[in-house]
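The primary structure of each chain is shown beneath.
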Number of protein chains: 4
Amino acid sequence: MRYFLNILCPDKKGIIAAVTTYISSKQANILDLLQHTAIDIDMFMLKAEFETDEQFDEKNFREDFIDLGNKFQMEWSLVLADKPVRAAILVSTTQHCLYELLLKHEDGELDCDLPVIISNHKKLAHVAKQFDVPFEWVDYSKGKKFAEAEIDRICRHYDTDILVLARFMQIISAELIDAWRNKIINIHHGFLPAFQGAKPYHQAWEKGVKIIGATAHFATEDLDQGPIIAQDVHHVPESCSIKEFIEKGKDIERRTLLTALRLYLSRSIFIHKNRTFILGKL
Amino acid sequence: MRYFLNILCPDKKGIIAAVTTYISSKQANILDLLQHTAIDIDMFMLKAEFETDEQFDEKNFREDFIDLGNKFQMEWSLVLADKPVRAAILVSTTQHCLYELLLKHEDGELDCDLPVIISNHKKLAHVAKQFDVPFEWVDYSKGKKFAEAEIDRICRHYDTDILVLARFMQIISAELIDAWRNKIINIHHGFLPAFQGAKPYHQAWEKGVKIIGATAHFATEDLDQGPIIAQDVHHVPESCSIKEFIEKGKDIERRTLLTALRLYLSRSIFIHKNRTFILGKL
Amino acid sequence: MRYFLNILCPDKKGIIAAVTTYISSKQANILDLLQHTAIDIDMFMLKAEFETDEQFDEKNFREDFIDLGNKFQMEWSLVLADKPVRAAILVSTTQHCLYELLLKHEDGELDCDLPVIISNHKKLAHVAKQFDVPFEWVDYSKGKKFAEAEIDRICRHYDTDILVLARFMQIISAELIDAWRNKIINIHHGFLPAFQGAKPYHQAWEKGVKIIGATAHFATEDLDQGPIIAQDVHHVPESCSIKEFIEKGKDIERRTLLTALRLYLSRSIFIHKNRTFILGKL
Amino acid sequence: MRYFLNILCPDKKGIIAAVTTYISSKQANILDLLQHTAIDIDMFMLKAEFETDEQFDEKNFREDFIDLGNKFQMEWSLVLADKPVRAAILVSTTQHCLYELLLKHEDGELDCDLPVIISNHKKLAHVAKQFDVPFEWVDYSKGKKFAEAEIDRICRHYDTDILVLARFMQIISAELIDAWRNKIINIHHGFLPAFQGAKPYHQAWEKGVKIIGATAHFATEDLDQGPIIAQDVHHVPESCSIKEFIEKGKDIERRTLLTALRLYLSRSIFIHKNRTFILGKL
């Protein structure tokens, strides 16, 4: 079996040695280790991927690790790498982000399961059908409370680990966010923190910026303010119209959302005080 | 002689033909012509570079052009391309932008005169000396009003066309801005409109952005809100400290300021309602 | 009606004025004009888009233009902009470029007709069906000569203007290239002129390059040597495997091929001595 | 004291644990650890930075490490991180790369000593003087053999660790390369492996490429074929002349050379079969 062990704690001497020695003592073999110290805030982060043999006892590993964790004041998590993450895709009527996820998945380039597509419209049901993924329509006409309860129910029904808002044009309420804390990835079509809120491309054009961008972030109660996971940008020639901003932006959106999801899947994201640190390559 | 004719007006049929015919009628030869219609606001922009012979009468060209200008409600300007623009550099204690301008100028890659370097510190006087450019120290201890009067006097003394704030760490007052309207280029070390004000790299780091940037803009009364001329960005690896943000940012700053100045020199900047349009290549 | 007039000729004084005056004399209105002089070879290029009224007589325009064309030794072409270009897509078994073209077309972001998809395999027939485009399988088992005759026949049957090789894994023979001279766009998955021939990503990995790229070019008799239309690149982290090169490369390929096709559709490509010049924005 | 331990060996289970345990057993504290397995060739690379206390015995560490090294067939090196690397700069008449190194060094952003500037011309002696670095002119008129003996003597005299060819327009002979194997960094003004040899910008322009680049590599007997350390590129607008290629290229050259030197200084470069692998951020 392969496991990911992620650690976040105040920086101190000896953490790497303590952790690697501990893993070895459990007869596990480290395959990959990344660590970083954020010197501006003296925080240490480590991600280790290790392989175990048949005798490995996960419960025992966890119990014995508690002492080490306490000693260094670690926030830590251990997850089985072999079990695919299950990501529900939420979408409204725009298809470019949805297709990107489905096509990469079909080509074997997105290492997760896509158990369900949820939408507040029926427009993209045929896309779900093409790729043989269940499509669940959620009726927002009965109110957000009702609709979000449905989303929550569907996600649980499909044993979902994470929600990916692939241009889902509904503001998520505090309740649903709380139920899926740091498990909802949204793509915002602006280079946050600039251009929050509606019509970011229009805002950007009015302002005369020379570069447009997109931002993938965890959804939080504060709209467009959650921890940023990934961002990308594109220079825009001067003669671009708003329509062309939107067209060019779509390519940035789809690749930024994909990057953010991949970082999540590779357990590369650490969150500390509403910002992320990424350990891993894009 | 070579001239630049720049035109900004509401879009209508026939402008290009009218202008090119007019230029030809004055026995001038068009060398280069760029035009663009901003379809979102129906505004037409044109930049023509033309060559004249000895009989060319600039006064006559201007007078006869008035009718055409009025017919199409043009804002227009005619400038002699052969006469080098004279750019004063204002600097405090950071040298990277200053060196960039001086080195490019020395290598023949910055097509203007650099008649004077003005500073509120004496620290970089030796750099001015190396490159044989007059250095004028301005005493801010006597107050901004006094100091800015000095700056204004020095710029006029050196027959300056434009002021380039190459990391000049003083807020310019409304008076000086008004006296040099759209003739003061500033480099802000953040990707505007995000991260206005002080310490933009610290702000960006706190926010956890994945890309940092710099913005060259015309200085206006509203700090960091003037028309954006050029922007550039750089992806920052996750493990960057604030110090590394600043280091990486310096390279973006110097090249963005240089780009903005070059766009000014090539008469490529059109300003309409506090945003720019650029006709020309970077 | 809207027309594109493209001109390539040795540089001389007065070409812009002569051409704009000519267009005006035919009661046509210039909408857009781009021109460039390649000073290293003293060649002048111009692209004009103009609008005509009902009296406009294309035949007359062409006949009367001959004198002007001869005077300046112009290579010139006049095409009706309103009539959509018809692009046949040729594909083998890899779907990312095909999907890119179909999705952009469906979203109204690719301004041409896609009358037919031709393939030497049947694997992607279902994609054609989804997007409701005729799919024609060509049997290469009967030899290249036979198969290419089929391709030629199919393209003519569907009234095709241009062939887009969207990862079509067959070398095109001189006969077919000659029949569609400068009308076959190929995407090569390497940063030409480096890494010609087979397995460019493997070549690039072996060489240890830090940036990978793709190149869209017109197919010529010399494999991977035709005029380059568009190129793009991506920095690759050191730890990339060949498999990851290929994955990352696919995104570069699809956007580079799309860019090249768009440049063709906007009549922005000028060819001179086996290299292109592009007048227009990407 | 801080040390860098670099390891390159065939991939096997248990290397990370063995190495981290070994370092801990010598009472050293790991500050930073990066490792990578190149799965295409099954090679393992590790870079560890560790801190020692006063009792640390480097000789003992080396001797006891031999067994571990042999067990895993490691190529390994241990260097003291606290001792600055001494880099000699070799330059001809072009100043942009020289200034880049000197300015970054002066700003505290290049973590090495620059003990000497060596040149086959006297043109840039004044720059050396400004920055207070000894300048040594080498007379190539007496032949390459004589001149290179001088270079070798000067470098040894100044206790140099590495030679940085900052646009040094002389081909280095096999003798000098052999004496400084993998210790001569060259900047080539082309995107290798394309455009080897003379006038790469002219070659690139003739070929009509849409992106230009520069390559920093270790000098080897085969001109422009040595292991690539860093590369960077820039999109070039179509209307660029060769002169503009050269101007734009200079910015790429200086930053690519700087990047390569920094990677060397941070011990991030691993060489295997004439290609590099980089462990570390750019």
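Structure: see above.
1. Some thoughts on unusual backbone geometry
Generally, phi is negative for residues other than glycine and the peptide bonds are trans, each holding for most cases.
All names here are of chain B.
Okay, step 1: If you check the backbone angles, Asp-132 has positive phi at about 65 degrees while not being a glycine.
Okay, step 2: Assignment of secondary structure puts Asp-132 in the loop between α4 (125-130) and β7 (135-137).
Okay, step 3: In this structure, Asn-274 takes a positive phi of about 60 degrees despite not being glycine.
Okay, step 4: Along the chain, the position of Asn-274 falls in the loop between β12 (269-272) and β13 (275-278).
Okay, step 5: Its relative accessible area of 42% is what places Asn-274 among the partly exposed residues.

2. As for the packing of aromatic side chains
Okay, step 1: Scanning the model with the defined rule gives 56 aromatic pairs over all chains in all.
Okay, step 2: Pairing Tyr-99 of chain A with Tyr-99 of chain C gives two aromatic rings, centres 5.9 Å apart and planes at 50 degrees, and the pair type is tilted. Highlighted residues: Tyr-99 of chain A in helix α3 (residues 96-106) and Tyr-99 of chain C in helix α3 (residues 96-106), drawn from two different chains. One exposure class covers both Tyr-99 of chain A and Tyr-99 of chain C, and it is buried.
Okay, step 3: When the centroid spacing of 5.9 Å and the interplanar angle of 65 degrees are considered together, the rings of Trp-205 of chain A and Phe-277 of chain B count as edge-to-face. With Trp-205 of chain A in helix α7 (residues 200-207) and Phe-277 of chain B in strand β13, the pair connects residues from two separate chains.
Okay, step 4: According to the relative accessible area criterion, Trp-205 of chain A is buried, its value standing at 3%.
Okay, step 5: The buried category is assigned to Phe-277 of chain B, whose relative accessible area is 2%.
Okay, step 6: Members of the aromatic cluster, each reached through a chain of ring pairs, are Tyr-3, Tyr-22, Phe-50, Phe-56, Phe-61, Phe-65 and Trp-76 of chain A.
Okay, step 7: The cationic tip of Lys-122 of chain C hangs over the ring face of Trp-137 of chain C; the distance from NZ or CZ to the ring centre is 4.0 Å.

3. Focus: the interface of chain B and chain C
Okay, step 1: The partner chain C presents 14 residues to the 14 residues of chain B that form the contact.
Okay, step 2: Roughly 1,200 Å² of surface becomes buried between chain B and chain C when both sides are summed, with 46% attributable to carbon and sulfur atoms.
Okay, step 3: Where chain B meets chain C, there are two salt bridges.
Okay, step 4: Here Glu-51 of chain C ties to Lys-13 of chain B by a salt bridge, and the two come within 3.5 Å at their closest N and O atoms.
Okay, step 5: Here chain B and chain C share eleven residue pairs in polar contact (both at pLDDT 80 or more) between them.
Okay, step 6: Residue assignment for the side of chain B that touches chain C shows that the elements contributing at least two residues are α1 (15-25) and β2 (29-38) of chain B.
Okay, step 7: The leading source of residues in the side of chain B that touches chain C is β2 of chain B, at seven residues.
Okay, step 8: Of the residues contributing to the side of chain B that touches chain C, the split by class is six nonpolar, five polar and three charged.

What counts and how
Residues numbered from 1 in each chain as written. Chains lettered and ligands numbered in written order. Predicted model: local features only at pLDDT ≥ 70, side-chain atom pairs only at ≥ 80, totals over all residues. Heavy atoms only, no water. Helix = DSSP H or I, 4+ residues; strand = E, 2+ residues; numbered from the N terminus. Buried < 20%, exposed > 50% of the residue type's maximum accessible area, 1.4 Å probe, protein only. Phe/Tyr/Trp six-rings, centres within 6.5 Å; stacked < 30°, edge-to-face > 60°. Lys NZ or Arg CZ within 6 Å of the ring centre and 35° of its normal. Contact = heavy atoms within 4.5 Å. Buried area = accessible area lost by both parts, 1.4 Å probe. Salt bridge = Lys/Arg side-chain N within 4 Å of Asp/Glu carboxyl O. Polar contact = N/O pair within 3.5 Å; in protein donor to acceptor, adjacent residues only side chain to side chain. Nonpolar A, V, L, I, M, F, W, Y, C, P; charged D, E, K, R; others polar.

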